[in-house]
Amino acid sequence: PERFARDLAERIDRLLADAVSSTDLVVRAPPEAGAGRGGFGAALGSSRVGIDAGLVGVVRSVPGVASADGAGGGAAQLLDKANQAERFDFSFVSNWPDHPGMAALRLVKGVAPSGPGDVVVDTATATERGLHLGSTVRIGTQRGVATATVVGLAERGGGTLGAAATVLAVTEERATQLVGRPGQVDGINV
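Residues numbered from 1 in each chain as written. Predicted model: local features only at pLDDT ≥ 70, side-chain atom pairs only at ≥ 80, totals over all residues. Heavy atoms only, no water.

Chemist: So what exactly am I meant to see when it comes to the nonpolar core here?
Modeler: Generally speaking, nonpolar side chains in soluble globular proteins are found buried as a group. With 18 residues, the main nonpolar core has V93, V119, V137, I139 and L168 as its most contacted residues. Counting only elements with at least two residues in this core, the list comes to β4 (73-79), β7 (118-122), β8 (136-141), β9 (144-156), β10 (166-170) and α5 (172-179). The dominant element in this core, judged by the number of residues it contributes, is β9, at four residues. In this structure I139 touches A76, Q77, L79, V93, V119, G144, V145, A146, A148 and L168, once residues within four positions along its chain are discounted. With nine residues, the next largest nonpolar core counts A29, I51, V59 and I188 among its residues. (Core = buried A, V, L, I, M, F, W, Y, C linked by side-chain atoms within 4.5 Å. Buried < 20%, exposed > 50% of the residue type's maximum accessible area, 1.4 Å probe, protein only. Helix = DSSP H or I, 4+ residues; strand = E, 2+ residues; numbered from the N terminus. Contact = heavy atoms within 4.5 Å.)

Chemist: In this structure, what is going on with the side chain of D69? I would like to understand it.
Modeler: With respect to the helices and strands, the residue D69 is situated in strand β3 (residues 69-71). This buried residue, D69, is left without a salt bridge; R60 holds the nearest opposite charge, at 4.3 Å. One polar contact links the side chain of D69 to the main-chain amide nitrogen of H99, over a distance of 2.7 Å. Excluding its chain neighbours within four sequence positions, the residues that come into contact with D69 are V56, R60, P97, D98, H99, M102, G187, I188 and N189. (Lys, Arg positive; Asp, Glu negative; His and termini not counted. Salt bridge = Lys/Arg side-chain N within 4 Å of Asp/Glu carboxyl O. Polar contact = N/O pair within 3.5 Å; in protein donor to acceptor, adjacent residues only side chain to side chain.)

Chemist: Would you explain the confidence of the model for the chain in this entry?
Modeler: Should the pLDDT be low somewhere, the predicted coordinates at that spot are not to be read in detail. Here the chain averages 80 in pLDDT, and 76% of its residues register 70 or above. Looking at the elements of the chain, mean pLDDT is at its lowest for helix α2 (residues 39-43), recorded as 46, and at its highest for β7, recorded as 95. Between residues 34-47, whose pLDDT stays under 50, and residues either more than four places distant or in other chains, the model counts 26 contacts. (pLDDT = per-residue confidence, 0-100.)

Chemist: Quick question: what am I supposed to make of the pairing of β8 here?
Modeler: Note that β4 and β8 share three bridges and pair antiparallel. Counted as the bridge partner of Q77 is G140 from β8. Where β8 lies against β9, six bridges are found, and the strand directions are antiparallel. Opposite G140, over in β9, you have V145 as the bridge partner. (Pairing = 2+ DSSP bridges.)

Chemist: What's the story with the pattern of salt bridges in this structure? I'm lost.
Modeler: A side chain with one charge can pair with a side chain of the opposite charge if their charged atoms come near. Counted according to the given criterion, the structure contains four salt bridges. In this structure, D186 engages R181 in a salt bridge whose closest nitrogen and oxygen atoms are separated by 3.4 Å. For the pair D186 and R181, a shared accessibility class is recorded, and that class is buried.

Shown next as structure tokens:
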């Protein structure tokens, strides 16, 4: 038990270091009572609401800012051919970031999503599900079921701890259609 706890703590430290090593600041809206109605924060139990997507350009133009990425996403399920989840299957649909290093993602095969039918899947999920470039997947969200083609495979930082949820990264426009709110992002990584 002690060795397991030490190993887990080390993995958490690596995951957090990988996730924030290229990010100096995250801009988010303040918590709002009863506002957890979707998006990344709500998927993790937060009561934050989105912020105006136009602020990404404002933040990006601040002197000294090297890059700024709007981030948005929400809970989903990766479905089988019968549109069913085989078991408890927590997935996370998000937009593919302009600067993947700020999201602890690294494209290892294929390309980033560029159209509404494209998706990047994490390598652990691809291996587990037998997915490869060109595979068709079904993504279930509260708004329905979408079909996408795997165009890229990505690895996450922090070792295997990051494999707690399937990563399904799509274009920003598609993420908004599937789980977001038009004109809003969940946060801005700076």
